[in-house]
Amino acid sequence: MGIHLKQHKSLGKHVTAILFVLQVLLKYGHANQMDPHVYPKHGPFFEGWYLRIIDQSQNISLGFLFGRVEPAHAGELKNSSACQNSGSGCLHSSGQLTPDGGQTEKTGLPLVYASLLLSLHPQSKLDTPGGYFSPDLYKVTKNGKPVSEDPDDISPPQFEASIGANVSFTVTPNHTQFQVQLGDHLLTGYTFRPVPWGPNGAGPESFLEKFHLPVHWFVYSLSSQVRYYKYMNLATGEEVIGRSTPGSPVIAHMEKNWGKSFPKAWVWAEGADPEKNMSFAFSAGIITEFKIDVKAQLSGYRNPGKEITCSFHPLNSVHSLEHNGCAGTATLKVDGLDCAVTFVLTASPDSFSSCLAAPGAAGFQQGCVESYTATADITVFQRKGGSMVLTDRHTITMAALEFGAAYMCNGCAGGRNNLHV
C-alpha cells in the first residue's frame, strides 16, 4: 500500500518535475494522520488501514488490512455486492457466499474488503484468507460519533473501525487494539508506543500530503511495541501467542492509504530490526494524474543508534527503480542532498501470496501479491563536508515486499483470492 511521485535522471528533469507538480496539483486538502477522512459526496474515493506484526523470536509475521471504496457512480454500485471474476467466492449483502467462480447479476465490484496475512511457516507462501462485505456493515467513528472533519497533522489519532463482527480496530493516541476473524482464522492483539515517521504528524509525503493527489500513503508507526497477540485457527486448533519481552521485542508496522484508487503499478516494502531499532519503508511506481503517467517514490530509513534519519520524496531526491516480480527482486536507489540510500529486496517467488484485492475507482479487484519473508540489504551514504560517505550498511530479514498491478509477475493469471468469511 503506498504512494509516490517521479523518477529523474538529471537536475533539469528534476526541476521540470517540481514545476509540473506545483502546476497540476492545485487542490489543497487537509494533511492526514491515521485518523479517518470524511467520505466525499461523489466518488471515486477509498480509505484503508494496514497492520503487520513481526515476531522474530518465533520467526512469525502476521498482518491484516481492510478498507472501503466509494465508487465513481455510487448510485449504480453502492448497493451492489458483486463478485470480481477471480475464481473465488464473494460475500453478498445478504450474507451468503456465491459458488466458486460466482458473479452476481449486477456488474459492480465489491466495495468493502478485509484480509489477514499469515506467515506462520517460513518456507510456505503467505496465506491471505479474506472476504468482501456489504457496505452497510462497515462503520468508522470518532469517539463513537460519525466522522465530521478530515484529520490534521498535529492531533493524535482517535477512532474506531469495524466490519460487522469480523473486524474491530480501535486506535487511540497511546495504543491500538484489534480483533479480526475471517473464516476459521482469528487474530487479536494490542500495540502501544507507536514510533512515528516524523515529528508533528509528518508522513512519507511531507508537505505533498497537502495536495490533492490521486493516492496517499501515511505511515503511522514504523515499529510499535506489541503487548500481546494471539492467532487461532478455529478449524485445526492451531494457536500462536506472542508478546514483547525484555531483550526480545515484538513490533508492529501500521499505515493507511486513501485517495481515488491504487496506482497502475507499484513496489512497496517495509521492515525493521526489532533488537537494533532500525526500520525502513518505501513505495515506488507509477501514478496517473490528468491522464499523465508519472514515475514516483517515497522512502525512508531510520537508525537511531547512529542518528540516521533519511526521508525522500519527489521534490528532495532523484531515484531509480529496478523490479522483477517473477524473480521476487526489487532495487530502489534514492539520492538526496544529505542522504543516499540503496534498498535491495529479495524474496523467494514461492513465498508470495495469492492475489490480494486492491481499491480501484469502481471497487476492489485483484491487484497485488505480497511476501513476509523478504531480505532487505540497505546501504546508506551521508554528506560529510563536501562528499558523500558510507555511514551504514545493514541487512533486515522478515521484511515485507509487495508487487502491485503492472509490476506483478504475469498479473493475477492463475491466482486465486482466498475468501473465507
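Residues numbered from 1 in each chain as written. Predicted model: local features only at pLDDT ≥ 70, side-chain atom pairs only at ≥ 80, totals over all residues. Heavy atoms only, no water.

K.L.:
Looking at this model, I keep getting lost on unusual backbone geometry. Mind explaining?
P.N.:
Following glycine 43, the chain continues to proline 44 via a peptide bond in cis, the omega torsion being 10 degrees. Here proline 44 lies in the loop between helix H1 (11-24) and strand E1 (45-55). Phi at methionine 398 takes a positive value of approximately 55 degrees, unusual for a residue other than glycine. For alanine 405, which is not a glycine, the phi torsion comes out positive at approximately 55 degrees. Its place among the elements puts alanine 405 in strand E23 (residues 387-405). Among the residues examined, alanine 405 registers a relative accessible area of 23% and is labelled partly exposed. (Helix = DSSP H or I, 4+ residues; strand = E, 2+ residues; numbered from the N terminus. Buried < 20%, exposed > 50% of the residue type's maximum accessible area, 1.4 Å probe, protein only.)

K.L.:
How should the packing of aromatic side chains be read in this particular structure?
P.N.:
Each aromatic ring pair is characterised by the separation of its centres together with the angle its planes make. Going through the model one piece at a time under the given rule, you end up with 19 aromatic pairs. Between phenylalanine 66 and phenylalanine 169 the ring centres are 5.5 Å apart and the planes differ by 75 degrees, which places this aromatic pair in the edge-to-face class. Placement of phenylalanine 66 in strand E2 (residues 60-70) and of phenylalanine 169 in strand E8 (residues 167-171) is noted, with a sequence separation of 103 residues between them. Phenylalanine 169 shares its class with phenylalanine 66; the two are buried. Here tyrosine 113 and tyrosine 132 contribute two aromatic rings whose centre-to-centre distance is 5.3 Å and whose plane-to-plane angle is 40 degrees, an arrangement assigned as tilted. Note that tyrosine 113 is positioned in strand E3 (residues 112-119) and tyrosine 132 in strand E4 (residues 129-133), a separation of 19 residues in sequence. Here tyrosine 113 matches tyrosine 132 in class, with each residue buried. (Phe/Tyr/Trp six-rings, centres within 6.5 Å; stacked < 30°, edge-to-face > 60°.)

K.L.:
Looking at this structure, how should I read the state of the cysteines?
P.N.:
Such a bond, covalent and formed between the sulfur atoms of two cysteines, is termed a disulfide. Across all of its chains, the model carries 3 disulfides by this definition. Two residues, cysteine 310 and cysteine 339, share a disulfide whose sulfurs are 2.3 Å apart. Between cysteine 310 and cysteine 339, the S-S torsion sits near -70 degrees, and that sign places the bridge as left-handed. Taken together, the residues span a long stretch of sequence, with cysteine 310 in strand E17 (residues 308-312) and cysteine 339 in strand E20 (residues 339-346) at a distance of 29 residues. Each member of the pair cysteine 310 and cysteine 339 is classed as buried. Linked covalently through their sulfurs, cysteine 326 and cysteine 409 form a disulfide whose S-S length is 2.0 Å. Because the sign of the S-S torsion sets the handedness, a value of about 90 degrees for the bond joining cysteine 326 and cysteine 409 places this disulfide among the right-handed ones. (Disulfide = S-S within 2.5 Å.)

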